[in-house]
Amino acid sequence: MKTSRSKASGTADREFVFEFKAGKNICVLRVPLQLPVQLNIRDLHGRLMLLHKIPCYIEDELKAALSAFMEEQSGLDFDREAELALQRLACGAVDVNQLTSAWAASYTQTSLEHARPEESSWDEDFADVYHELIHSPASDTLLNLEHSYFVSVSELISERDVELSKLQERQAAEMDKVMHELGNTLSDHDVNAVASQHFDAQQVLENRWASELKQVTAIQKQEYQDWVIKLHQDLQKSNNSSQINEEIKVQPGRLAEAADGGCRPFEEQPLLEESFTIHLGAQLKTMHNLRLVRTDVLDFCKHRRHSSSGAKLRRLQTALSLYSSSLCGLVLLVDNRVNSYSGIKRDFATVAKECTDFHFLSLEQQLEEVQQAVLYARVQCCSKQKQPAENQKNGGDDKSKTAERNPSNILPGEFYISRHSNLSEVHVVFHLCVDDNLRSGSITARDPAIMGLRNILKVCCTHDVTTVTVPLLLVHDMSEEMTIPWCLKRAELVFKCVKGFMMEMASWDGGISRTVQFLVPKSISEEMFYQLSNMLPQIFRVSSTLTLTSKH
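The shown structure was predicted, so the numbers you read here are calculated from the model rather than taken from an experiment.

K.L.:
I tried to follow the overall build of the protein chain on my own but got confused; where do I start?
P.N.:
Summing up its helical and strand segments, the protein chain has 16 helices and 10 strands in all. Long-range contacts, defined here as pairs at least 24 residues apart, represent 73% of the contacts in the protein chain between residues at least 6 apart. Of the roughly 32700 Å² of accessible surface on the protein chain, a fraction of 51% belongs to carbon and sulfur atoms.

K.L.:
Would you mind showing me how to read unusual backbone geometry here?
P.N.:
Note: most peptide bonds trans; most residues except glycine with negative phi. Here Lys53, not a glycine, exhibits a phi torsion of approximately 50°, which is positive. Within the secondary structure, Lys53 sits in the loop between helix 1 (41-51) and helix 2 (59-90). Given a relative accessible area of 74%, Lys53 falls into the exposed group. Unusually for a residue other than glycine, Leu474 sits at a positive phi of about 60°.

K.L.:
Just to check I follow, could you spell out the confidence of the model for the protein chain for this structure?
P.N.:
Low pLDDT marks regions whose predicted coordinates should not be analysed in detail. Taken as a whole, the protein chain shows an average pLDDT of 82; of its residues, 84% reach a score of 70 or greater. Across the protein chain, strand 7 (residues 428-433) holds the top mean pLDDT of 96, while helix 8 (residues 252-255) sits lowest at 41. Segment residues 1-9: pLDDT under 50, and 7 contacts once partners within four positions in sequence are set aside and those in other chains are kept. Segment residues 545-552 is flagged for pLDDT under 50; beyond a separation of four residues in sequence, or across chains, it makes 19 contacts in the model.

K.L.:
What's the story with the layout of surface pockets in this structure? I'm lost.
P.N.:
Empty space among the atoms becomes visible once a probe the size of a water molecule is rolled across them. In this model, the largest pocket occupies a volume close to 1600 Å³. Counting residues per element, the lining of the largest pocket draws most heavily on helix 6 (residues 188-237), which supplies 9 residues. A domain split of the lining of the largest pocket shows at least three residues from each of domain 2 (122-238) and domain 3 (273-381 + 406-539).

K.L.:
Any chance you could explain the pairing of strand 9 (residues 515-520) here in plain terms?
P.N.:
Working note: regular strand, side chains alternate between the two faces of the sheet. Strand 9 sits mainly inside the fold: 6 of its 6 residues count as buried. Pairing of strand 4 (residues 286-294) with strand 9 involves 6 bridges; the strand directions are parallel. Bridge pairing in strand 9 places Leu290 opposite Val516.

K.L.:
Explanation requested: the packing of helix 4 (residues 122-134) against helix 5 (residues 139-180) in the structure shown.
P.N.:
Two packed helices can be described by the angle between their axes and the distance between those axes. Remark: helix 4 packs on helix 5, axes separated minimally by 7 Å, with the N-to-C direction vectors making an angle of 115°. Between helix 4 and helix 5, the angle falls in the class roughly perpendicular. In this structure, helix 4 uses Tyr130, Leu133 and Ile134 to contact helix 5, whose residues at the interface are Ser139, Leu142 and Glu146.

K.L.:
What should I look at first to understand the pairing of strand 5 (residues 327-334) in this one?
P.N.:
With 8 of its 8 residues buried, strand 5 lies for the most part within the structure. Residues Leu327, Gly329, Val331 and Leu333 of strand 5 are buried on one face, and the alternating residues Cys328, Leu330, Leu332 and Val334, pointing to the opposite face, are buried as well. One ladder, built from 4 bridges, connects strand 5 with strand 8 (residues 465-471); its direction is parallel. If you follow Cys328 over to strand 8, its bridge partner there is Thr467. Of the pairings in the sheet, the one linking strand 5 to strand 7 comprises 6 bridges and is parallel in character. Each bridged residue has a counterpart across the sheet, and for Gly329 the counterpart in strand 7 is Val428.

K.L.:
Looking at this structure, how should I read the side chain of Gln517?
P.N.:
Mapped onto the elements of the fold, Gln517 is located in strand 9. Among the polar contacts made by the side chain of Gln517, one reaches the side chain of Thr469 at a distance of 2.6 Å. In contact with Gln517, other than residues within four places in its own chain, are Arg291, Phe300, Thr467, Val468, Thr469 and Val470.

K.L.:
Just checking my understanding: could you explain the nonpolar core for this structure?
P.N.:
A general tendency of soluble globular proteins is for nonpolar side chains to be buried together. In this structure, Leu290, Leu472, Phe495, Met502, Phe518 and Phe540 are the most contacted members of the largest nonpolar core, which totals 54 residues. Of all the elements, helix 15 (residues 484-509) adds the most residues to this core, at 12 residues. Not counting the four nearest positions on each side in its chain, Leu472 is found in contact with Leu292, Arg490, Ala491, Val494, Phe495, Phe518, Leu519, Val520 and Leu532. The next biggest cluster of nonpolar side chains, apart from the first, holds 25 residues, and it includes Leu271, Cys301, Leu332 and Ile410.

K.L.:
How do you make sense of the side chain of Arg378 when you look at a structure like this?
P.N.:
Position of Arg378 relative to the elements: it lies in helix 11 (residues 363-384). A polar side-chain atom of Arg378 sits 2.9 Å from a polar atom in the side chain of Glu414.

K.L.:
It is not clear to me how empty space enclosed by the protein should be interpreted in this structure. Could you clarify?
P.N.:
Enumeration according to the criterion identifies 3 cavities of 30 Å³ or more in this entry. Of the volumes computed, that of the second largest cavity is approximately 40 Å³. If you list the elements that add at least two residues to the lining of the second largest cavity, you get helix 10 (343-353) and helix 11. A class-by-class count of the residues in the lining of the second largest cavity yields 4 nonpolar, 3 polar and 1 charged.

K.L.:
Would you explain helix 3 (residues 96-110) in this entry?
P.N.:
Three- or four-residue spacings in an α-helix give side chains the same orientation, since the helix completes a turn every 3.6 residues. Spanning 15 residues, helix 3 covers 21 Å between terminal C-alpha atoms, matching the ideal 21 Å at 1.5 Å per step. The N-capping residue of helix 3, defined by a side-chain oxygen 3.3 Å from the backbone nitrogen of Asn97, is Asp95.

K.L.:
Explain the packing of aromatic side chains here, please?
P.N.:
The description of an aromatic ring pair rests on the distance of the ring centres and on the angle between the ring planes. Tallied over the full model, the rule gives 14 aromatic pairs. Taking the centre distance of 6.4 Å and the plane angle of 10° together, the rings of Phe16 and Phe18 count as stacked. Taking the relative accessible area as the measure of exposure, Phe16 reaches 2% and is therefore buried. When the centroid spacing of 6.0 Å and the interplanar angle of 85° are considered together, the rings of Phe495 and Phe540 count as edge-to-face. Of this pair, Phe495 sits in helix 15 while Phe540 sits in helix 16 (residues 526-540), placing them 45 residues apart in sequence. Grouping residues by exposure puts Phe495 and Phe540 together as buried.

Rules behind the numbers
- Counting restarts for each chain, with residues numbered from 1 along the sequence as it is written.
- Owing to the predicted nature of the model, reporting of local features is limited to residues with pLDDT of at least 70; listing and counting of side-chain atom pairs is limited to 80 or more, with chain, interface and lining totals taken over all residues.
- The side-chain numbers reported here are obtained from all heavy atoms of the structure, hydrogens and water having been left aside.
- Note on conventions: DSSP H or I runs of at least 4 residues are helices, E runs of at least 2 residues are strands, and numbering of each starts at the N terminus.
- In what follows, a contact means two residues having at least one pair of non-hydrogen atoms within 4.5 Å.
- Here, Shrake-Rupley sampling with a 1.4 Å probe gives the accessible areas, and only protein chains in the shown set may cover a residue.
- Buried, partly exposed and exposed residues are distinguished by accessible area as a fraction of the type maximum, computed with a 1.4 Å probe on protein chains only: under 20%, between the cut-offs, and over 50%, respectively.
- The score called pLDDT rates the predictor's confidence residue by residue, from a low of 0 to a high of 100.
- Here a cavity is any set of points on a 1 Å grid over the protein atoms alone where a 1.4 Å probe fits but cannot get out, and a pocket is any open set with protein on both sides within 12 Å along at least 5 of 7 lines; a residue lines the site when it has an atom within 4 Å of a point.
- Grid points are joined across faces, edges and corners, and a volume is the space filled by probe spheres set on the points.
- All domain edges in this entry derive from an automatic or database-based domain assignment.
- Paired strands, as defined in this entry, are two strands with at least two bridges between them according to DSSP.
- Here an angle of 0 to 180 degrees is reported between the N-to-C directions of two axes, which are lines fitted to C-alpha atoms, with helices fitted over the stretch in contact.
- Throughout this description, any angle smaller than 35 degrees is read as roughly parallel, any larger than 145 degrees as roughly antiparallel, any in the 65 to 115 degree range as roughly perpendicular, and the remainder as oblique.
- Two N or O atoms form a polar contact when they lie within 3.5 Å of each other; inside protein one atom must be a possible hydrogen donor and the other a possible acceptor, and for residues adjacent in sequence the pair counts only when both atoms belong to side chains.
- We define a nonpolar core as any set of buried Ala, Val, Leu, Ile, Met, Phe, Trp, Tyr and Cys residues linked to one another through side-chain atoms lying within 4.5 Å.
- Amino acid classes used here: Ala, Val, Leu, Ile, Met, Phe, Trp, Tyr, Cys and Pro are nonpolar; Asp, Glu, Lys and Arg are charged; the rest, including Gly, are polar.
- One less than the number of residues in a helix, times 1.5 Å, gives the span that helix is expected to have.
- We call Phe, Tyr and Trp rings a pair once their centres come within 6.5 Å, taking the six-membered ring for Trp, and we label the pair stacked below 30 degrees between planes, edge-to-face above 60, and tilted otherwise.

Next up, the structure:
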């Protein structure tokens, strides 16, 4: 073994000598080593065995001798350095005060008894205060205040929609006049100029309303948090909170202000639902609840401006479990772009903006953080990919090329998470990336979307999400190619896969009871719904009596 001539400071050459018998011969191994050795002793031992072709029956003896040699020589080096340090201290070459200060700083930084207590952040303090108030008689006051803020934002959004609609009508009428004059007094250039003016005017109006909504929600959030802290302080000083509640309560007339107007933004539709109780597990069985629901995916997120008693109770339950170990999650199927500009992502963002989030960042801010995290992950992944040939053998070449072209996009099966306190029945939304392959009937249990569901359920087990809603058919909208055989085949695959994932839950969380809701699109017929409800107990072997409920 050849050693490098350029040695770093503090290193020294030592010769390791090891004698062993090979039959009747006595062999001697001499290896020069630099101390301290940068390699792990196990790695160094393996290299010596390989390079010098040492018999395998000498392996343990060589390892013991190498460890003893390293320990002995390291001890000698440490003793030598200590003697030199004491000599420098005795002759005055080292400042004693500086040395003691350095020792004291090192001791206080590494000793637990001198560690500073962790200072709680504003978010943690506010979470504790809110959790205490929502579980007190002041909970009704909190919900009334949140509803009043929701009503004011809804009115502002309604005004925006009306103004945008009027602008579009005026622009449409103006464009019709221009098109009638096309070829007579106006040319294509004039039409393009008018269209450009219309687009600019619409953008200016949308930006103005977006700025106003952002300012209103920021003011509401600050007022709400200040009020919650003040209310908590007042309640601690006095047990009589009736006067405080009366001052803050929303006026009954305001809550029912549009009841006579006949305008109901989100009128509840008939809801088909069947509930089951199952027991899964090999030896220690765990009880889980299953629900099959026919409704729109965003119905779990929307607030009703004219809330019924049931909607208010669901909102109260969501608020009570906001800072608890019983969170509710929803799986939302999205494309590979981390934004809220199109499709179901835009609809979800619209719903999220209708009510101010008083606890977490807005959806736009959370998506910006996700984009930064995705970019960082892609850079780290690309820096570690040093064997492109291996990627091609494994079939990962297409994915790596996609990531290289669009580093801010995610791949099918990957998901990102957003947190919300302003949704009706959901705390956590899992944005699962899917592609157009799901609209075909040829997916398998190893499809990225199925594996993404498994990873989502694992995150639910490790982060106290006890209720999760999953799109049963892995689509939010039905199309012509989704026939009855297609739906039955897809539902059977998802049922079986989720059952296998739930069997794994016992090893993930120790066997905690959970609720899994299977969601089917609202356009599914009742006959199709009943066929799916008959399939579920056959696959999960339901032993309890199922319950059918229909809500209007």
